[in-house]
Structure formats: C-alpha cells, structure tokens
Amino acid sequence: MNTTTSSHFVPPKRFEIYDPLNQIGTMWEESFKNNGGFYTPNSIIIPTNDKPNSLSEDGTEGTPHKFDQEASPSRHPDKTQRRLAQNREAARKSRLRKKAYVQQLETSRLKLIHLEQELDRARQQGFYASNRVDTNPLGFSDNMSSGIVAFEMEYEHWVKEQNRQIRELRTVLNGQVSDVDIHLLVDNAMKHYFQLFRMKSAAAKLDVFYIMSGMWKTSAERFFLWIGGFRPSELLKVLLPHFDPMMDQQVLDVCNLRQSCQQAEDAVSQGMEKLQHTLAESVAAGELGEGSYVPQITCAMERLEALVSFVNQADHLRHETLQQMHRILTTRQAARGLLALGEYFQRLRALSSSWETRQCQPT
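Residues numbered from 1 in each chain as written. Predicted model: local features only at pLDDT ≥ 70, side-chain atom pairs only at ≥ 80, totals over all residues. Heavy atoms only, no water.

## Structural notes on the packing of aromatic side chains
Any aromatic ring pair is given by two values, namely how distant the centres are and how the planes are angled relative to each other. Note the cut-off: Think of it this way: a Phe, Tyr or Trp ring, Trp meaning its six-membered ring, pairs with another when their centres are within 6.5 Å, and the plane angle makes it stacked under 30 degrees, edge-to-face over 60, tilted otherwise. For the purposes of this entry, the term helix denotes a DSSP run of H or I that reaches at least four residues, the term strand denotes a run of E that reaches at least two, and both are numbered from the N terminus. For the exposure calls, accessible area comes from a 1.4 Å probe over protein chains only, and a residue counts as buried if that area is under 20% of its type's maximum, exposed if over 50%, partly exposed in between. By the criterion adopted, a ring carries a charge over it if an Arg CZ or a Lys NZ lies within 6 Å of its centre and within 35 degrees of its normal.
Under the counting rule described, the total for this entry stands at 10 aromatic pairs. Seen from their ring centres, Tyr 155 and Trp 216 are 4.9 Å apart, and the 85° between their planes marks the pair as edge-to-face. Here Tyr 155, found in helix α4 (residues 146-173), pairs with Trp 216, found in the loop between α6 (208-213) and α7 (219-223); they are 61 residues apart in sequence, far enough to count as distant. Residue classification places Trp 216 among the buried residues on the basis of a relative accessible area of 0%. Ring geometry for Phe 223 against Phe 224: centres 5.1 Å apart, planes inclined by 85°, an arrangement best described as edge-to-face. A residue is classified by how much of its surface remains accessible, and Phe 223, at 68% relative accessible area, is exposed. Of the aromatic side chains, those joined through ring pairs into one cluster are Phe 151, Tyr 155, Trp 158, Tyr 193, Tyr 210 and Trp 216. Over the ring of Phe 230 we find Arg 318; its NZ or CZ atom is 5.7 Å from the centre of that ring.

## Some remarks on the nonpolar core
Grouped burial of nonpolar side chains is what soluble globular proteins tend to show. We apply this condition: Here, nonpolar core means buried Ala, Val, Leu, Ile, Met, Phe, Trp, Tyr and Cys residues that are tied together by side-chain atoms lying within 4.5 Å of each other. Contact between two residues is taken to exist if any of their heavy atoms lie within 4.5 Å; hydrogens are not considered.
By size, the foremost hydrophobic cluster in this structure holds 60 residues, and its most contacted members are Ile 211 and Ile 227. Listed by contribution, the elements that provide at least two residues to this core are α4, α5 (179-206), α6, α8 (232-239), α9 (248-284), α10 (294-328) and α11 (331-356). If one sorts the elements of this core by residue count, α5 sits on top with 12 residues. Those residues in contact with Ile 227 that lie beyond four places of it in its chain are Met 212, Val 268, Met 272, Phe 310, Val 311, Ala 314 and Arg 318.

## Observations regarding unusual backbone geometry
Following Asp 244, the chain continues to Pro 245 via a peptide bond in cis, the omega torsion being -5°. Its identity as a non-glycine residue notwithstanding, Ile 227 has a phi of 50°, on the positive side. Positionally, Ile 227 belongs in the loop between α7 and α8. Note on Ile 227: relative accessible area 10%, which makes it buried.

## Some remarks on a nonpolar patch on the surface
Put simply, the rule reads: A residue counts toward a patch only above 30% relative accessible area and without a salt bridge, and it is joined to like-charged neighbours within 9 Å or, for Val, Leu, Ile, Met, Phe, Trp and Tyr, to nonpolar neighbours within 5 Å. Using a 1.4 Å probe, accessible areas were evaluated by the Shrake-Rupley method; residue-level cover was limited to the displayed protein chains. Between Lys or Arg on one side and Asp or Glu on the other, a salt bridge is scored when a side-chain nitrogen of the former is within 4 Å of a carboxyl oxygen of the latter.
A grouping of Tyr 293, Ile 297 and Met 301 is seen on the molecular surface, where their side chains present a nonpolar patch of about 360 Å² in accessible area. The exposure class of Tyr 293 is exposed, given its relative accessible area of 61%.

## Here's the deal with the side chain of Gln 333
What counts here: As used in this structure description, the phrase polar contact means that two N or O atoms lie within 3.5 Å; if the pair is within protein, one of them must be able to donate a hydrogen and the other to accept it, and residues adjacent in sequence are counted only when both atoms belong to side chains.
Here Gln 333 shows up in helix α11. Judged by relative accessible area, Gln 333 falls into the buried class, the value being 5%. Within the structure, the side chain of Gln 333 is placed 3.3 Å from the backbone oxygen of Phe 243, a separation counted as a polar contact. Excluding residues within four positions of it along the chain, Gln 333 makes contact with Phe 243, Pro 245, Met 246 and Gln 250.

Read these as geometric descriptors, not functional statements.
Given below as structure tokens:
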C-alpha cells in the first residue's frame, strides 16, 4: 500500500517572560535588556512518519493526532531552557533589588522618625542631653529654640568628624605619603574648622549667651574660653614647638602673626568691656522702687544685639589666624600643626572626662 507523506505547519510558540510589577524608575530595565528579546522560533515543519505509528480504534492504520504533533519536542530544547533560565534569573535579581531598595527606604524612614522624636523630647525638656561625657548640669531654659538643639547635635557630629580627621593625619605623617595627599587632608581639616565658625554664627543669632558661655563645650575647654572659642595668640604659643624645623623667615612670620593676634584680641576685649559697662548702666538706670523695668530692659536688649558682632569678630580672628598659618608653613608643617591642634582639644576633653568621673578618695 502506497503511503503519502503529509506535512503540518505548527504556529510558533510564545514563551511567557516574568515581568516584575511596581518597577521603580528604570532600575530594573537593564537586566531585561541584557537578556535580549522574546524567543520566537520560525515555523516548524513536522513531517509525518512514512510508517504507521498508531492504529485507529478499528485496528486500521491512522495518522497521529495534530495535538500529538504539537506536543513533540522542539528542535532546540537546550536553547529554550537556557532562555527560560535567564528570564528566571533576571526576575530573581529584580526582586532582590526591589527588596533592598524598599529596606533602604524603611531604614531611612525609621531614622527620620527617631530624629524627630529626639527633637520633640528636647523641646519638651528644654535641653538636649548629648552623649558626651561632660554634660551640662545646669541645663538650658525651657524656651530654648530648636535651633540651639540642632546646633548641639551638629557640634556632636563635628567632633566625631574631627576625631576621624585626626586619625588620618596621624596615619599619613607616620607613613610614606606624598605631599599631594597630605595637602588634601590639610584642606579638609581647614574647611572643617571654617564650618564650625559658620555653625556658631548661626547659633549666636538665636542665643548669643549660649555661645558666649561655651556650654556646648567641656568644662576644661570652657576654662580657656575667650568669646566663645580659643584665643588665637595663646594657641600659637602652644603649637609653635610642633612646627620645627623652621626657617628663619618662618619664625619671624609666626612671631609677627602672634603679635598681630594679641593686638586684635586686645581691641576686641576692650570693646567687650565697654559693652559690659554700657549694658550695666542701662539696666541700673531709672528711679528706685519704680516696680517696672520695661524701659531699662528695652534699652538693654538693643545694646545686646552688638554682642553677636563680637562673637563674629572673634571667630573671624580665629579664621584668619588659621589661614595665615597655612600660608606660612609647608604642607607637612601645616599637617603637624592641625594634628597638634586636634590632639590639644582631645586632651582637654579627656581631662574634663577624668575630672567629672573622678572617685572621691580619702587622702
């Protein structure tokens, strides 16, 4: 019996690719681009077998059913499996990236909530209990503005960053590092001090007495306080031994700088004394037993506004002293000077910590 060969065309199959939902921006698109487009094979011609491979119910030879032909394996089963595996891997990476991004957002949200709670607690209590060892036993007034609370927090971060910079300076000065790298660290340390001056200027506008009293510093640092900070001329005296060896011109420039600092400090101090005298006269003015201090307080408030300018002048003098020292010294000398300055403040803070935690022992 003659058998004819017939062919059936099977339409191309489409493979479903996992498409993740809720894509954030375009962060997931790259993974799918790397995997190419959809796999669509050409139409496949499946010839029927010349020999009968099935029998009909009545025992006669028959042609395989069309659905059986469609269920037959593809010509490229390995390529299909690889494509499916790539799609599954891309979907898995997409889910992991989305999960990490959501976790990062949740962590940031919790940090923000914690910070807001700390600020609210500080406003209610009237003071900010910082984590430093030397806390203020007197506290602050109940109407202290949130700006001062923010300054306390910023200054705490500023001290931590200064400690990190001190470690870096100590490492590079003890190792074999080029002057270019040291110069970068010196610039960063200088900018860090300038940032503190800007922070103090903003806080002085909110509460100048707070900055003047130095309650944001430790007790030992307050002992050496001059108008809300260090006295430049005295600091040069402390740092001078760390600049050796120095050339004759450098020694002369440093001595002239110290003399100029002393003259400027005297001028600012005299202005402060005059302000104190004028302020005392304003408060004491008026008749005895009046019972009303409104005129005196109003006049004193107007004169107190000048106190903010004195704080800014003192910080400007400190700013200029650091810049002049940077100009006079070499890169490595400036690095040693900044290291000595940072360690000097660290030792004062350590002294405060030891004094506050001392044990009262009988002598």
